[in-house]
Amino acid sequence: MVKLDKICREANVKLIFARSYGLTGFVRVSVKEHTVIESKPDHFLDDLRLNNPWPDLKSFAETIDLNAADPVAHKHTPYVIILVKMAEEWTKTHGGGLPSTRDEKKQFKLLKTGMLAVEEENYKEAIEASFKVFAPRGTSSDLQQIISDSCTEVDSNSSDFWVMVAALKVINYTLMNKSQQPPIRR
């Protein structure tokens, strides 16, 4: 089995070895590398950057007055804008920080006070999505571990998976350190 495995690995051939002993047995799958991308994770958090909006979103939010008396305009304000403005207002009155404790998060959710009518769906959406404002930003530790792998130094023999991870590494690095990009081996 070891000798066959070595031959198959050198030839880049997948080996499936199975052995049965009556009601018991084992199966061994041997490949050089097998990557799996979870395309539909169980828990997905949209990163809308509500706690640090990009310039265009911030400038658009500044053009909207949540205190406007026009009920039609008030009902049609996107929930993202409501959250951006509420986060900005919160940071002004709380020393530049966002809600961090359970009580602060409850207090932040009191967005209902800005509603002009009970049936404003945009405010209901904002209340349901308010957790996105205080969600931690940045790259998860699992993703950071993959990005830090030596396989991200791609060459002509690299698999599509590692080429995509290398691209993600460049994007992540650029977002975190806008001054320079990491060296890429070509």
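Please read these numbers as outputs of a predicted model, since none were measured by experiment.

> Lay out unusual backbone geometry with the relevant residues and their values.
If a residue is not glycine, its phi is most likely negative; likewise, a peptide bond is most likely trans. In this structure, asparagine 12 takes a positive phi of about 55° despite not being glycine. With respect to the helices and strands, asparagine 12 occurs in the loop between helix H1 (2-10) and strand E1 (15-21). Residue classification places asparagine 12 among the exposed positions, given a relative accessible area of 59%.

> So what's going on with the side chain of serine 130? Which residues, and what values?
You can see serine 130 is positioned in the loop between helix H6 (121-128) and helix H7 (141-147). Of the polar contacts made by the side chain of serine 130, one reaches the backbone oxygen of isoleucine 127; its length is 3.0 Å.

> Hey, could you go over the pattern of salt bridges for me, with residue numbers and the actual values?
This model, assessed by the stated rule, comprises four salt bridges. Here the salt bridges share partners, and the residues they tie into one network are Asp5, Arg9 and Arg28.

> Talk me through the confidence of the model for the chain; I want residue IDs and the actual numbers.
Across the chain, the average pLDDT comes to 81, with 84% of residues at or above 70. Mean pLDDT across the elements of the chain ranges from a minimum in helix H3 (residues 71-75), with 78, to a maximum in E1, with 93.

> Describe the pairing of strand E2 (residues 24-30), listing the residues and the values that go with them.
The two faces of a sheet get side chains in turn, since along a regular strand they alternate between them. Relative to E2, E1 runs antiparallel, the two sharing seven bridges. When the sheet's bridge partners are listed, alanine 18 is paired in E2 with valine 27. Once E1 ends, the chain turns through two residues before running back antiparallel as E2, passing glycine 22 with a positive phi of about 70°.

> Go over the nonpolar core, please, and point to the residues and values.
Across soluble globular proteins, nonpolar side chains have a tendency to be buried as a group. With 20 residues, the main nonpolar core has Leu83, Phe108 and Val133 as its most contacted residues. Taken together, the elements giving at least two residues each to this core come down to helix H2 (55-62), helix H4 (79-93) and H6. Counting residues per element, this core draws most heavily on H4, at nine residues. Leaving out residues up to four positions away in the same chain, valine 133 has contacts with Leu50, Asn51, Leu83, Ala87, Leu98 and Phe108. Listed in part, the five residues of the second largest apolar core include Phe161, Trp162, Val165 and Ala166.

Criteria and thresholds
- Each residue is numbered by its place in its chain's sequence as written, counting from 1.
- The predicted nature of this model means local features are confined to residues of pLDDT at least 70 and side-chain atom pairs, given and counted, to a pLDDT of 80 or more, with totals for whole chains, interfaces and linings taken over all residues.
- Side-chain numbers come from the whole structure's heavy atoms, not from hydrogens or water.
- Numbering of helices and strands runs from the N terminus; a helix is a DSSP stretch of H or I covering at least four residues, while a strand is a stretch of E covering at least two.
- Any residue under 20% of the maximum accessible area for its type is buried, any over 50% is exposed, and the rest in between are partly exposed; the area is computed with a 1.4 Å probe on protein chains only.
- Pairs of N or O atoms are called polar contacts if they sit within 3.5 Å, as long as, within protein, a hydrogen donor faces a hydrogen acceptor (for residues adjacent in sequence, only side-chain-to-side-chain pairs).
- Here, a salt bridge means any Lys or Arg side-chain nitrogen found within 4 Å of an Asp or Glu carboxyl oxygen.
- Values of pLDDT, which run from 0 to 100, indicate the predictor's confidence residue by residue.
- In this analysis, strands are considered paired if DSSP registers two or more bridges between them.
- The nonpolar core is taken to be a set of buried Ala, Val, Leu, Ile, Met, Phe, Trp, Tyr and Cys residues, with the residues joined through side-chain atoms within 4.5 Å.
- What makes two residues a contact is simply this: any of their non-hydrogen atoms within 4.5 Å.

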